[in-house]
Structure formats: C-alpha cells, structure tokens
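Reading the structure
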Amino acid sequence: MRALLDLVLDAHGGLRRWQQARTIRAKGSIGGLLWTLRGQEGILATTDATVDVQQQHLVFDGFTGPGLRGLFTPDRVAIERYDGQVVAERRAPRGAFAGHGPDTPWDQLHALYFAGYALWNYLTAPYLLTRDGVVVEELQPWRENSEDWRRLRARFPQTLATHAAEQVFYYDAAGLLRRHDYAPDVLGSTPAAHFSENHVTVSGLVFPTHRYVVPVQEDGHAMPEPILITIDLTELSVT
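Read on for an overview of the structure. Just so we're clear, the structure is a prediction, and the values are computed from it rather than from any experiment. (Residues numbered from 1 in each chain as written. Predicted model: local features only at pLDDT ≥ 70, side-chain atom pairs only at ≥ 80, totals over all residues. Heavy atoms only, no water.)

**Here's the deal with the pairing of strand β9 (residues 166-171)**
- Counting buried positions along β9 gives 5 out of 6 residues, so the element sits mostly inside the fold.
- The sheet contact formed by strand β8 (residues 147-155) and β9 spans 6 bridges and is antiparallel. Across the sheet, the residue bridging to Leu152 is Phe169, located in β9.
- With 4 bridges connecting them, β9 and strand β10 (residues 177-182) associate as antiparallel partners. Bridge pairing in β10 links Phe169 to His180.
- Remark: 5 residues form the turn of the hairpin made by β9 and β10, two consecutive strands paired antiparallel; Gly175 in that turn has positive phi of roughly 90°. (Buried < 20%, exposed > 50% of the residue type's maximum accessible area, 1.4 Å probe, protein only. Helix = DSSP H or I, 4+ residues; strand = E, 2+ residues; numbered from the N terminus. Pairing = 2+ DSSP bridges.)

Take a look at the structure:
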C-alpha cells in the first residue's frame, strides 16, 4: 500500500511540480458569517491574492480599497499603497488576538492576518505537509455520506503560522482533499470542518475552487450550518 501522503501529493500535481512553483494567484470571493460576527463583513468579497509557494508570504491586491494592498507574513501584516507607503501595520500580529472572545470585533489588520495565513495554508496544501517540522501520520478511515475517506493527522511547528498545532486532512479514493478539520487558536479553539469541492487543474497543480467551513459536533460530524466561511475561486494561475 502506498503511503497516503505520496498518493495525495500525486493527486494534487506531484511533489516535483510543487517544488518548481513560485507563485499562485487566486481571484474570487471570501465570505461567510465569521466576517459579520467580527465586524468585517464584505472585506474580502472581492479577493485577488498572490501566494509565495515556497515561503509564508501573501499579498491581497485591492485590500480595503482601490490603490491599496494587504501584505501578510507571520511576523507582520500591513496595508500599503502601491508605492509602498504604509497606511497601517502590525508587528507580531498573532498576539493581537489574545483575550478575544467569540464575538470580539476585529480591525482590518486582524482580518488580514487571519485571512492571510489561512489562505496561504489552503492554497499550498498538500505541499504544506512536506515542510520542515511538519509531522504526519495516517488515522483510521472516516465514513462521510457513504464514502470512506482516508485521513492524515498533521502536527505543525510553532514557526509556521497556521490554525492550530494539530489538524486532520481527509482525502477521497483518488487522493483529493475533501475535508480539513481544525480548531483555530485565534478563534478560541472552536472545532470546525472545512469542506473542499470542485477541483480544477492549473499548470499541473490541483486546487479546490469551492470551500466552506461549518462547526463540528462532539462526535466529529459536521453541522450543516451556520456556514462560517465560504471561499469561491473563479481564476487561478501558477508561475
């Protein structure tokens, strides 16, 4: 039997192709109840993101308005004009979530950090799982709507900006990502299930183009609502 991670990497384009990729550009829309609850409804209704595949760096073009961009790295987020003039910035941005409750309002930099690290993780998976310090192991299969999905548990190092130290990825028989479970530290570690659909191939790499996130029950089954986050990608390119 092939190792599950090898199957998954092959299904999403192959390790060699991921190693060759430098940037992913994704256009579309990010929505869902979470943004309303945090006072940032519509902030990513029009999304144009460029992801550095090999390091944690992401840029949202047009973030919060024309002529502006949002820059994410694990240590700094900033809103800048295209000439480089800084409009707002925050160093050590993860610390800015300390003490937050389930309905604590966010500012634009909170939203930028959360969306930046999350989308970087999503768009670089499963290559993400091959990074230094990431440890994966296969769990028992999971039954979801009459399908058996294989699962990988991943443990992430503190050096990587991600939802939580431990996360679980679910894959169908073809090795495609279908579900991703995590309990985001910055959201109070509330468990969530992130479903992925409508996979497309772009320059040899495979990406889901429709994603949605819902709460998880104590038995591990996902609730049908509320839909906390939606991600719909209409354009993708890889260089």
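**Brief notes about the environment of Leu112**
- For Leu112, the position within the fold is in helix α4 (residues 108-124).
- For Leu112, a relative accessible area of 0% translates into the label buried.
- Separated by 16 residues in the primary sequence, Leu112 and Leu128 have C-alpha atoms spaced 20 Å apart.
- Discounting chain neighbours no more than four positions away, the residues touching Leu112 are Phe60, Phe63, Gly70, Leu71, Val77, Ala78 and Ile79. (Contact = heavy atoms within 4.5 Å.)

**Quick look at the pattern of salt bridges**
- Here the structure, examined in full by the defined rule, presents 17 salt bridges.
- The structure contains a network of salt bridges with shared partners spanning Arg69, Arg76, Glu80, Glu89 and Arg91. (Salt bridge = Lys/Arg side-chain N within 4 Å of Asp/Glu carboxyl O.)

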